[in-house]
Amino acid sequence: MAEKAANLPLRYLRTQEAARFLGLSERTLEKHRTYGTGPTYRKLGGRVVYSVDDLQTWADRGLVSSTTDPRGGTVLPAKRQTPSPASAGNRFAR
């Protein structure tokens, strides 16, 4: 039986399951998806699914062991992010 489980393809979670896995509400995960601040997801037909590996990778970006740790990667809040002037360039100028 364990051999069959090892041969299963990568598991994908729907939004409700992914939110529970991360300890977030479904709405927060939906906001992250809207603003592009959340974990990578896939659209299969009309369904949004997350791989467990992608969820873990995204959560690990916020991993720290102390408040004094330098934060190379951070998990951004679920809100619209304003681009910095350096990264925006002349994209909006006309």
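Residues numbered from 1 in each chain as written. Predicted model: local features only at pLDDT ≥ 70, side-chain atom pairs only at ≥ 80, totals over all residues. Heavy atoms only, no water.

**Overview of the packing of helix α2 (residues 15–22) against helix α4 (residues 52–60)**
Item 1. Axis separation between α2 and α4 bottoms out at 11 Å; the angle between their running directions is 40 degrees. In this view, α2 runs oblique relative to α4, as classed from their interaxial angle. For the element pair α2 and α4, the recorded crossing hand is right-handed. Two secondary-structure elements touch here, α2 through A18, F21 and L22 and α4 through V52, L55, Q56, W58 and A59.
Item 2. Residue composition of the contact of α2 with α4, by class: 7 nonpolar, 1 polar and no charged. (Axes fitted to C-alpha atoms, helices over the stretch in contact; angles between N-to-C directions. Helix = DSSP H or I, 4+ residues; strand = E, 2+ residues; numbered from the N terminus. Parallel < 35°, antiparallel > 145°, perpendicular 65-115°, else oblique. Left-handed = near helix turned anticlockwise from the far one by under 90°. Contact = heavy atoms within 4.5 Å. Nonpolar A, V, L, I, M, F, W, Y, C, P; charged D, E, K, R; others polar.)

**Considerations on the sheet that holds strand β1 (residues 12–14)**
Item 1. Reading across from one edge, β1-β3-β2 is the order of the 3 strands in this open sheet, with antiparallel pairing throughout. Of all the strands in the sheet, the pair left with one neighbour each is β1 and β2 (42–44). When strand polarity is set aside, the average angle formed by the axes of neighbouring strands in this sheet is 45 degrees.
Item 2. Note: β2 against strand β3 (residues 47–51), 3 bridges, orientation antiparallel. For L44, the partnering residue across the bridge sits in β3 and is R47.
Item 3. Each of β1 and β3 is contacted by α2, which is oriented at about 100 degrees to β1, the strand it contacts most. (Pairing = 2+ DSSP bridges.)

**Some points on the side chain of H32**
Item 1. Positionally, H32 belongs in helix α3 (residues 26–35).
Item 2. Note on H32: relative accessible area 5%, which makes it buried.
Item 3. Within the structure, the side chain of H32 is placed 2.6 Å from the side chain of T37, a separation counted as a polar contact.
Item 4. Once residues within four sequence positions are removed from consideration, H32 is found in contact with L24, T37, G38, W58, L76, P77 and A78. (Buried < 20%, exposed > 50% of the residue type's maximum accessible area, 1.4 Å probe, protein only. Polar contact = N/O pair within 3.5 Å; in protein donor to acceptor, adjacent residues only side chain to side chain.)

**Digging into the nonpolar core**
Item 1. Residues L13, A18, A19, L22, L29, V48, Y50, L55 and W58 constitute the largest nonpolar core, which totals 9 residues.
Item 2. Sorting the residues of this core by element identifies α2, β3 and α4 as the ones contributing at least two each.
Item 3. Ranked by residues supplied to this core, first place goes to α2 with 3 residues.
Item 4. Leaving out residues up to four positions away in the same chain, Y50 has contacts with R11, Y12, L13, T15, A18, L29, R33, P39, T40, Y41 and L55. (Core = buried A, V, L, I, M, F, W, Y, C linked by side-chain atoms within 4.5 Å.)

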